Amino acid sequence: MAETIILDPGHGGIDPGAVYNGRRESDDNLRLAMAVGNLLQKAGYEVVYTRISDIYHTPFEKAQMDNHFGGDSFVSFHRNSEEETNTSTGVETLVYRDTGLPGVLARNINEELKGAGFADLGGIERPGLVVLKRTRMPAVLVEAGFIDNEADNRLFDQNFTAIA
């Protein structure tokens, strides 16, 4: 039986996430999660999404869904932002604890995204994030570049296939 990967396009619906020059994080997250899911399915994985349209679920609801689906791993997609635009660049992957499979996933994801052109900001422990804390499977949250950085947005758009 194939491994099941749960993909979470962060934000959605009433929560667009970060917004920069009309660009909504929730839209980028959905687009990326769907592309990654397509590639995973072609590689033989089972894929479950927390959303496939512009709807909102609380982080706790997402964790409950993930646990109900019983996947082998969980990946949440996001775009980062800062208070001052065009000051930060790169990718980071958040984990509950930087140990075991989540730590390995974080490093591998960052290494792949570095190969797609992003600066690698590393894996960061964020034990307070509900989707990382409440899921019963290895979980990571990928910050795929800064949505408020013109260079990261260009990279996200121009190298989208490699990023996925």
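In this text, all values refer to a predicted model and were calculated from it rather than measured experimentally.

1. Points about the sheet that holds strand β6 (residues 91-95)
Moving on, step 1. Ordered by their spatial adjacency, six strands build an open sheet running β4-β1-β5-β8-β6-β7, and the pairing between neighbours is mixed. Looking at strand neighbours, the two that pair on one side only are β4 (46-49) and β7 (120-125), the edges of this open sheet. Strand-to-strand, the axes of this sheet are offset by a mean angle of 20°, without reference to chain direction.
Moving on, step 2. As judged from the four bridges shared by β6 and strand β8 (residues 139-146), these two strands associate in the antiparallel manner. The residue of β8 that forms the bridge with Val 95 is Val 140.
Moving on, step 3. On the sheet, helix α2 (residues 59-69) packs against β1 (4-9), β4 and β5 (73-80) and is oriented at approximately 165° with respect to β1.
Moving on, step 4. Against the sheet, helix α5 (residues 150-158) touches β5 and β8, its axis set at about 110° to β8.

2. A look at helix α3 (residues 100-115)
Residues that lie three or four places apart on an α-helix share one face, since the helix turns once every 3.6 residues.
Moving on, step 1. With 16 residues, α3 extends 23 Å from end C-alpha to end C-alpha; this agrees with the ideal 22 Å at 1.5 Å per step.
Moving on, step 2. Of all the residues in α3, the buried ones are Pro 102, Gly 103, Ala 106, Ile 109, Asn 110 and Leu 113. Along the axis of α3, the buried positions cluster into a sector of 135°, meaning they face one direction only. Across from the buried face of α3, at angles greater than 90 degrees, the exposed residues are Gly 100, Glu 112 and Gly 115.
Moving on, step 3. Residues of α3 that are buried sit in contact with β6, β7, β8 and α6 (160-163).

3. So, the pairing of β1
Moving on, step 1. In terms of burial, β1 is a largely internal element, six of the six residues being buried.
Moving on, step 2. With burial as the criterion, each face of β1 is covered, one bearing Thr 4, Ile 6 and Asp 8 and the other bearing Ile 5, Leu 7 and Pro 9.
Moving on, step 3. Alignment of β1 against β5, held across five bridges, turns out to be parallel. Looking at β5, one finds that Leu 7 is bridged to Val 75.

4. Quick word on the side chain of Asp 8
Moving on, step 1. Among the secondary structure elements, Asp 8 is positioned in strand β1.
Moving on, step 2. By relative accessible area, Asp 8 is classed as buried at 1%.
Moving on, step 3. In terms of polar contacts, Asp 8 uses its side chain to reach the side chain of Thr 50, at 2.6 Å.
Moving on, step 4. Once you skip the residues sitting within four places of it in the chain, Asp 8 turns out to touch Thr 50, Lys 62, Phe 74, Val 75, Ser 76 and Phe 77.

5. Examining the nonpolar core
Moving on, step 1. Counting residues in hydrophobic clusters, the biggest one holds 23 residues, and the most contacted among them are Leu 7, Leu 32, Phe 77, Leu 113 and Val 142.
Moving on, step 2. Aside from chain neighbours lying at most four places away, what touches Phe 77 is Leu 7, Asp 8, Pro 9, Gly 10, Asn 29, Leu 32, Ala 33, Val 36 and Val 142.
Moving on, step 3. Counting eight residues, the second largest nonpolar core, distinct from the first, contains Ile 6, Phe 74, Leu 94 and Met 137.

6. A look at the side chain of Asn 80
Moving on, step 1. Looking at the element boundaries, Asn 80 is found in strand β5.
Moving on, step 2. With residues up to four places along the chain from it excluded, the contact list for Asn 80 reads Glu 92, Glu 143, Gly 145, Phe 146, Ile 147 and Asp 148.

7. Here's the deal with unusual backbone geometry
Moving on, step 1. Of note, His 11 is a non-glycine position whose phi angle comes to about 70°, a positive value.
Moving on, step 2. Here His 11 shows up in the loop between β1 and β2 (19-20).
Moving on, step 3. Positive phi, normally seen in glycine, also occurs at Asn 21, with a value near 50°.
Moving on, step 4. Looking at the element boundaries, Asn 21 is found in the loop between β2 and β3 (23-24).
Moving on, step 5. Owing to a relative accessible area of 65%, Asn 21 belongs among the exposed residues under this scheme.

Rules behind the numbers
- Residues numbered from 1 in each chain as written.
- Predicted model: local features only at pLDDT ≥ 70, side-chain atom pairs only at ≥ 80, totals over all residues.
- Heavy atoms only, no water.
- Pairing = 2+ DSSP bridges.
- Helix = DSSP H or I, 4+ residues; strand = E, 2+ residues; numbered from the N terminus.
- Axes fitted to C-alpha atoms, helices over the stretch in contact; angles between N-to-C directions.
- Contact = heavy atoms within 4.5 Å.
- Expected span 1.5 Å × (residues − 1).
- Buried < 20%, exposed > 50% of the residue type's maximum accessible area, 1.4 Å probe, protein only.
- Arc of directions from axis to C-beta.
- Polar contact = N/O pair within 3.5 Å; in protein donor to acceptor, adjacent residues only side chain to side chain.
- Core = buried A, V, L, I, M, F, W, Y, C linked by side-chain atoms within 4.5 Å.

Limitation: the analysis is restricted to geometry and does not speak to function.
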